[in-house]
Structure formats: structure tokens, C-alpha cells
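# Structural characterization, general
Spelled out, the chains give:
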Amino acid sequence: MDIIESKTWVEWLITIAKFGFCFVPVLYILLLIPMERRGAGFMQDRQGPNRSYIKVPYFGKVRLFGYVQNMCDGTKLFFKEMFAPKGAKKFLYYVAPAIPFAIVFLSPCVIPWFGPMVFEWGGKVVRIAGPIVDSEVGILLLFGFSSLSAYGAVLAGLSSRSKYSYLGSLRTTAMTISYEVCQGLSMMGLLVLAGSFSLTDIVSWQEHHVWGIVAQPVAFFCFLIATIAETGRAPFDVAEGEPELVAGYHTEYGAMQFGLFYMGEYSHICISSLLVATLFLGGYSVPFVTTETIQAHMGGSLAILCWVLAFFALAFLHMIYRYSRKLRASAQSNKMEILQEYKLYKGIGWIAAFVLVCAGIASWMLYNPQVTVVNGVAVNTLGAALGTALIHLLVLLVKSVFFCWVWIWVRWTLPRFRYDHVMHLGWKIILNIAILNLVVTAVVAKLMGGN
Amino acid sequence: MARVIRQRPMNWVERLYIFEAIRGLWTTLKHAARGLFRYEELPTISYPEGQPEVRSTYRAKHRLMLRPDGTPRCVACGMCAAACPAHCIYIEATASDDPRIEKKVKRFDIDHLTCVFCGLCVEACPVDALRMDTKEIIFEHRTRDEFVANLKTLTSWDPKDYPDDAQSQKAPGGKLNAEARKVWGMEVKN
């Protein structure tokens, strides 16, 4: 009971609330699928899927820019029949798709979502760590989790009794093993610099020195390529290359079993992009501004955040208005319907812009919490600590969404490599560059007198 | 003669792949940015609602030109049926009431399921009776028979749709076309 009583209820509340971060990859799936489809459409000068709609009383058919397509797809997959091919090992066959998707809930536990919150509550100084599990070996745990998801592919290939699935799973295994090595070694240079396996320490090192991408540009490229390969996406998706193996390890899967593989792949992208952002792009740290500065000018920082968001709302409105002007002049037969739908977006946009501008002004004028220093550590009020955490979280999400975009971008640009090219690239090029980078980094770090 | 295209060997920058990959990424980024920020400039037409612009030179559905009194110009010579590579035109002729003209058309069917839209019938027509400038490119019907355009459907076009064509303006047009046909004693069956 000592542990329970030693913590205040606010600390308990925040600690439990942090478990909500486990669901971030699942939310990312909702973001990534439309982003991928419409992004692919835009790159090919198409519009992408935008036809499914929900009927809303006044506004008519609300299409939400193609987001409704997600729900339609999900519903379709969910209500299709699940079946196992003849001769499949039933238990493994049904369990396999769940593995990559279940891993998704474990991996976010070790990612630092915000800097350590230090605040005063009830006469005590409370410190709450960024990740759900503030482990000393956070990054190793994360690697362990993300390698586990290969089991899904392997079991799927073995159990579905199809030569295509079998070959696909063999390729996945080989690729996961070879690129895990590259990934681990390319990241080592950064660990040497930061001197720790804990992701929180790595981020705080980046915050106080330079971002990983500046300190280790070569490692960044190696890591990015290895991570793209490890998620099994184009140009490295030989494991499911349609021309050779019908669909690779999930050839025999349909319905929601296929859906689980699909979602597992997207959440793997989410985790990997969060990892790249954390390791090489300073994680939750805001560029050019230290956390102390933000906390010292809490109201101003929140105001800037609000105004940046308000700017995006206004830019969105601008695009909506420009498009509706063009649409009104066109001869499209359903233009009144679409314009009616746009009234909803215009309303939301204007309300959001107004609220954000007002919130920005209010927090700038009214909110100026004091920072006290206890034993050399800056201690904030609860509000300031939560505000900092919010800013940190948003910054991390923006960075990781950018990397998710890189995944999609690369997929729809580069053609698929041949299988032996993939292995050649992994073992003979990236691995060597990574090792060389590690050696050089270690020597330079020693000479510069780091850790 | 086959033409041999000698491809320039790749230089070392191109063989490194990474720089060429970045060039490719830049290209797709430009296109993606256009789609995102200039959505209305995408060349795609959201089809059933927005129709593509069809020029009058496009070989679309046929129409039969009319004389100023509303009768078809067609003299039932059968040149178009002879020129048609798909054998989709069927013509029946009858004697004309007009002493200056030998024959008039009694039945003129074009089967659009067989038609290849080559435009040879239009080229062959000696009196410029048949044209393919209706800009109608959608053929959707319930039964096969409805795909066969007959004299009635071929002549019931509206002069308002052809504002640039002076010859089309001389025809009575619309409901008057049907009345003119009735006066001429040309009741169209089927």
C-alpha cells in the first residue's frame, strides 16, 4: 500500500491515462489508409477514392474527403466470411493474423510521448515520465516487439499450406533478420553519442545537443531504408510481390483476417515512424526552443500553438472556398450537393479558426504560471506541465506523420527491387555503411571526449 | 525496318541509384502537392456528374441532316451501307414525291452495338446527310433493340445544339421535325 499512498491521485490519474497511448497506432491506421489512397491518387494525378458518403440531415451527402471510404472498407471486410483453406493448420492459421496486430499495443509503451512532467501538487513534487514504461533498455524492447510481428507472417505462411504463402513467409523472415541487423547497427552510433539505451535519455540528449539527423546523417539514411525494408513496404515488398507470389504470406487470407494483416502493416509503419522521429528528429522536442523556455513562457507557447492551428484552419478554408468557386462555375450536375456539403466544412473551419484565435489570445494575455525551482529542478504548476506535455505530444505526432508520409511517398515512387537486390543492399551496402559509421562515430566521440 | 535505339550507359551518379531515387521522389512530390493544394486543377473529371468536353469533330453518335422543309437529306443511295466495314447500316428506299429527287429513305437503321465509329459512312455520303457530330458518347439502353438508331431518333435533333453550324439552323428542329415528317407522309414505324 506504500506505493499507492506515496503517489497523489493526480499522479495515478495521469499514469493510468498514459495507457491511452497504446491506441495511438490504431488511430494512425485511420489516418494512414486515407492518406495512402488519396496520396497515391494525387501522385498519379487522380482524385483517389472520394465517393462514399454519410447522409447528414441538412448537409446532404457528407463525404469527409474520402474518409468515409475507410468505414466502408472496414465494414465490408468485417462482414465477409472467414474461411480456412483445405489442409491448413487451423489453430495457427487463425492465430497468425492476430500476432502483428497484438504487438501494436505493446510497442507504444516505451516511446516517450512527452518530456518528464515535473509539477507540484498537494505540497509534493511529482515527476511523471514520458513513456508508459520508462525502461532503461527501451529501445531494445521496442526492437524486440517489432521483430515479433514477423512471427505473424511466418506462421501465416507455414499454416496456410500454399506455396506462395510459404515462399512469402520465407522471404519475410530473411528480410526481417537481415534488416534488423542493419537497423540495430545504424542506430548504435546515436546510442554511443547519447550513452544510453533509454529512449527518454536519447531524446533529452538530442534536445540539449543536436538532433540525431544532424549528428548522424549517414545513420539516419541507413536506418530509414532499413526500417522501410523491415515494415515490408515497397520498394522492399518482395514478400508480397504480386508478379511472383500472388500476395505473399497472406495469399490464403480473406475477410477480417486479411484486414488484421493490413492494419498490422499500417500500425507497424506508425511505430517505425515514431521510432525514426524519436531517434533522429528529436522526438518530442520542439525545434530551436528548449523545454525550459516553453515552460517559462507557457501562455505564449500555447498561444503560438493555437495560432499555428488557426493558420491551418484558415488555409483549409481558403482551399475550400477556392474549390467551391471553381465548382460553382463548372457544369457538374451534382455541384449544388457538393456545395451544400462544403457548408459543413466551412462552418467547422470558421468556428475552429475563431476558437483557436480566441484561445491563443486568452492564453497569451491571461495564463502566465510561475516556475519554482526546487533542488535545482524547475517545478511547474499542473496546468503548465500538462500544456508542455500537450505541445510535446503534438510535435512528436507531427514529426511521425511526416515520416508516415515518407513511407507512402517512397512506396508510390520507387519500383520494387528484385529479391537478390534487396539482400545485396541489406548485407553488402547498408550493413557496411552502418558498421563504418559506428566505428567512425565511436572514434570521434572518444577523441572529442564525450562519454 | 527495326530501329535500334542505343541507350546511353548510366554514369556513376545514376548507378548509385539514391540520387535518381531522390529525383523521382521530387517528381511525385510535385504531383502530390498539386493534388493537395490545387485539387481543382487535377485533370480528372468526376465522371457521371461532370461530363468531358467533346468536340464536334469527335466521331460520336450519328444524326441525319434535314432539308429546310424538314425532310431528311438522305437520297437512299446506299453508299454509307456499302462503305460501312461493320455492316451496321440498313437502308430501305422508296419512291420520292419530289420530282427532282429519285428516291427517299423509308427505313434507316444504324446498329450502334455493331458500329465501330470509323466515320466512313460520313465520308461516303454524297449529299452530306449523315454526320457524326452529336457529341453524344454515352450509349446506355435496356435492350439490344434500343441500341438500333432508326430514322426517328436520327432526325430528332435540336438546332440549338449546333449553334456554329449554319446548315443545321435551316432545319425546323425539335417538334417541328416530327410535324414536317408527317406532312411529308413519312410515318416512322418501330
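Residues numbered from 1 in each chain as written. Chains lettered and ligands numbered in written order. Predicted model: local features only at pLDDT ≥ 70, side-chain atom pairs only at ≥ 80, totals over all residues.

### Overview of the overall build of chain A
When helices and strands are tallied, chain A shows 17 helices and six strands. Over its C-alpha atoms chain A spans a radius of gyration of 24 Å, differing by no more than 12% from the 22 Å that the globule rule assigns to 451 residues. Here the C-alpha coordinates of chain A stretch approximately 70 × 65 × 45 Å along the principal axes. The burial tally for chain A puts 40% of its 451 residues in the buried class. (Helix = DSSP H or I, 4+ residues; strand = E, 2+ residues; numbered from the N terminus. Rg over C-alpha atoms; globule rule 2.2 N^0.38 Å. Buried ≥ 20, exposed ≤ 12 C-beta atoms within 10 Å, placed from the backbone.)

### Structural notes on the interface of chain B and chain A
Taken together, the contact between chain B and chain A spans 18 residues of the former and 19 residues of the latter. Residue classes in the side of chain B that touches chain A are distributed as nine nonpolar, seven polar and two charged. (Contact = placed C-beta atoms within 7 Å. Nonpolar A, V, L, I, M, F, W, Y, C, P; charged D, E, K, R; others polar.)

### Focus: the confidence of the model for chain B
In low-pLDDT regions, the fine details of the predicted coordinates are not to be read closely. A residue-level look at chain B finds 89% of positions with pLDDT of 70 or above and a mean pLDDT of 84. The ipTM value of the predicted complex is 0.81, and its pTM value is 0.80. (pLDDT = per-residue confidence, 0-100.)

### Considering the domain arrangement of chain B
Examined at the domain level, chain B breaks down into domain 1 (12-41) and domain 2 (63-184). Its C-alpha centre places domain 1 of chain B at a distance of 51 Å from the equivalent point of domain 2 of chain B. (Domains from an automatic or database assignment.)

### Examining helix 12 (residues 255-280) of chain A
Residues and elements named next belong to chain A. Taking 1.5 Å as the rise per residue, helix 12 with 26 residues should run 38 Å; its terminal C-alpha atoms sit 38 Å apart, in good agreement. Among the 26 residues in helix 12, 22 count as buried, and that is most of the element. Just downstream of helix 12 lies Gly 282, where phi reads positive at about 75°. (Expected span 1.5 Å × (residues − 1).)

### Focus on the packing of helix 3 (residues 24-43) of chain A against helix 2 (residues 18-37) of chain B
With their axes 7 Å apart at the nearest point, helix 3 of chain A and helix 2 of chain B run at an angle of 110° to one another. Comparing their axes, helix 2 of chain B and helix 3 of chain A come out roughly perpendicular. Residues Gly 39, Gly 41, Phe 42 and Met 43 of chain A of helix 3 of chain A pack against Thr 28, His 31, Ala 32, Gly 35 and Leu 36 of chain B of helix 2 of chain B. Tallied by class, the residues present in the contact of helix 3 of chain A with helix 2 of chain B amount to four nonpolar, five polar and no charged. (Axes fitted to C-alpha atoms, helices over the stretch in contact; angles between N-to-C directions. Parallel < 35°, antiparallel > 145°, perpendicular 65-115°, else oblique.)

### Looking at the nonpolar core
Residue and element names in this part refer to chain A. Counting 92 residues, the largest nonpolar core has Phe 223, Tyr 266 and Val 276 as the members making the most contacts within it. When residues of this core are assigned to their parent elements, the largest contribution, 14 residues, is made by helix 12. Both of domain 1 (74-285 + 381-448) and domain 2 (295-368) provide at least three residues apiece to this core. The contact partners of Tyr 266, leaving out residues within four places of it in the chain, are Tyr 28, Ile 29, Leu 32 and Ile 33. (Core = buried A, V, L, I, M, F, W, Y, C linked by C-beta atoms within 7 Å.)

### Here's the deal with unusual backbone geometry
All names here are of chain A. The phi dihedral of Leu 64 is positive, around 55°, even though this residue is not glycine. Checked against the element boundaries, Leu 64 lands in the loop between strand 2 (60-62) and helix 4 (68-79). The exposure class of Leu 64 is partly exposed, given the 17 C-beta atoms found within 10 Å. The phi torsion at Phe 65 lies on the positive side, around 55°, for a residue other than glycine. Relative to the helices and strands, Phe 65 is located in the loop between strand 2 and helix 4. Judged by local crowding, Phe 65 falls into the partly exposed class, with 13 C-beta atoms found within 10 Å.

### Some remarks on the environment of Arg 6 of chain B
All names here are of chain B. In this structure, Arg 6 sits in the segment before helix 1 (12-15). Assessed through the 5 C-beta atoms surrounding it within 10 Å, Arg 6 is described here as exposed. Taking C-alpha positions, Arg 6 is 50 Å from Asp 164, a pair spaced 158 residues apart along the chain.

### Side note on the pairing of strand 4 (residues 124-128) of chain A
Residue and element names in this part refer to chain A. Sheet analysis places strand 3 (residues 117-121) next to strand 4, joined by five bridges and oriented antiparallel. Pairing of Trp 121 across the sheet is with Lys 124, part of strand 4. In textbook terms, the turn of a hairpin is the stretch between consecutive antiparallel strands, and for strand 3 and strand 4 this stretch comprises two residues, one of which, Gly 122, has a positive phi near 60°. (Pairing = 2+ DSSP bridges.)

### Digging into the environment of Tyr 345 of chain A
All names here are of chain A. Within the secondary structure layout, Tyr 345 lies in helix 15 (residues 335-366). According to the C-beta neighbour criterion, Tyr 345 is partly exposed, with 18 such atoms within 10 Å. Residues Tyr 345 and Leu 317 lie 28 residues apart in sequence; the distance between their C-alpha atoms is 8.0 Å.

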